[in-house]
Amino acid sequence: MSDFSKYIRVIPNFPTQGVSFKDISPLLGNGVAFNAAIDVFANRFKSEMIDVIVGIDARGFILGAALAHRLDIGFVPIRKSGKLPFDCYEVTYNLEYGTDTLAIHQDAFPRGSRVLICDDVLATGGTLSASIELVNQLEAEIIGVALLLELTEFEGRKKVTEVPIFSLVEY
Ligand code: AMP
């Protein structure tokens, strides 16, 4: 299977007017498609000696945990502020209106770990940039970013020049 776009449902004006929401539920709900997507990621990264997958809150958890399981490695969540129970690093970044804060446990993985970051959608790149900043605070080596979908109109890739981005579908 190579065309994953048919498993991504577009919902106009969600969660707010003017936003075209890309819903990955059909892909996750289809065992063949979900498995095939994880296969593509695993084949791309299996020879990269990744130590740990970092998944971004919240849909990055689903993809990242499945990929970590497939690669037989650990999974670490980046969560919204206030959710992780132990000592955290935090990064605050700008949204279109207001700010958001992401956090990671300070002891999530050893310094020098080879990390792959995983999320569902890249739009402006704000979330991914903040996540990269967090992982850098743990002095890891970021090998790449695995995404289901890249919304090219927002040019998020331009914000993230230092890390290779691999996405299954471009919109
Ligand atoms: P951004 O920081 O603008 O790159 O947004 C990326 C984050 O917001 C990802 O974690 C996505 O889950 C979510 N997101 C942003 N835009 C969309 C969209 N149009 N459809 C679905 N999810 C989106």
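Structural notes, computed from the coordinates. (Residues numbered from 1 in each chain as written. Predicted model: local features only at pLDDT ≥ 70, side-chain atom pairs only at ≥ 80, totals over all residues. Heavy atoms only, no water.)

1. Focus: unusual backbone geometry
In this chain, phenylalanine 14 is followed by proline 15 through a cis amide linkage whose omega measures 0°. Within the secondary structure, proline 15 is located in the loop between strand E1 (9-12) and strand E2 (20-23). Following aspartate 57, the chain continues to alanine 58 via a peptide bond in cis, the omega torsion being 0°. Residue placement: alanine 58 occurs in the loop between strand E3 (52-56) and helix H3 (59-71). The backbone of methionine 49 shows a phi angle near 55°, a positive value even though the residue is not glycine. By the element assignment, methionine 49 lies in the loop between helix H2 (31-45) and E3. (Helix = DSSP H or I, 4+ residues; strand = E, 2+ residues; numbered from the N terminus.)

2. A closer look at the layout of surface pockets
Within this model, the largest pocket holds a volume of roughly 1200 Å³. As for the largest pocket, its lining consists of 34 residues, and the residues nearest its centre are Val19, Phe21, Leu95, Ala123 and Thr127. Of all elements in the fold, only E2, strand E5 (88-94), strand E6 (99-105), strand E7 (114-122) and helix H4 (126-137) reach the threshold of two or more residues within the lining of the largest pocket. Considering each element in turn, the lining of the largest pocket owes the most residues, 4 residues, to E7. (1 Å grid on protein atoms, 1.4 Å probe; cavity = no way out; pocket = protein on both sides within 12 Å on 5 of 7 lines; lining within 4 Å. Points joined across faces, edges and corners; volume = space filled by probe spheres on them.)

3. Regarding the site of the ligand
Around the ligand, the structure places 13 residues, and the nearest of them are Arg59, Asp120, Thr124, Gly125 and Thr127. Within the contact set of the ligand, an oxygen atom lies 2.8 Å away from a side-chain nitrogen or oxygen of arginine 59. Glycine 125 has a polar backbone atom sitting 2.7 Å from an oxygen atom of the ligand. Of the pockets mapped on this structure, the ligand occupies the largest pocket. Put simply, the parts of the chain that give the shell around the ligand at least two residues each are E2, E7 and H4. Partitioned by chemical class, the residues of the shell around the ligand number 4 nonpolar, 5 polar and 4 charged. (Near = heavy atom within 4 Å. Polar contact = N/O pair within 3.5 Å; in protein donor to acceptor, adjacent residues only side chain to side chain. Sits in = over half its atoms within 2 Å of the grid points. Nonpolar A, V, L, I, M, F, W, Y, C, P; charged D, E, K, R; others polar.)

4. Here's the deal with the packing of aromatic side chains
This model, assessed by the stated rule, comprises 4 aromatic pairs. Centre to centre, the rings of phenylalanine 41 and phenylalanine 166 are 6.1 Å apart; their planes meet at 70°, and the pair counts as edge-to-face. Note that phenylalanine 41 is positioned in helix H2 and phenylalanine 166 in strand E9 (residues 165-170), a separation of 125 residues in sequence. On the numbers, 6.1 Å between centres and 85° between planes, the contact of phenylalanine 61 with phenylalanine 75 is edge-to-face. Here phenylalanine 75 lies in strand E4 (residues 74-80) and phenylalanine 61 lies in helix H3, a separation of 14 residues in the sequence. (Phe/Tyr/Trp six-rings, centres within 6.5 Å; stacked < 30°, edge-to-face > 60°.)

Note that all results are geometric; they support no functional claim without further evidence.
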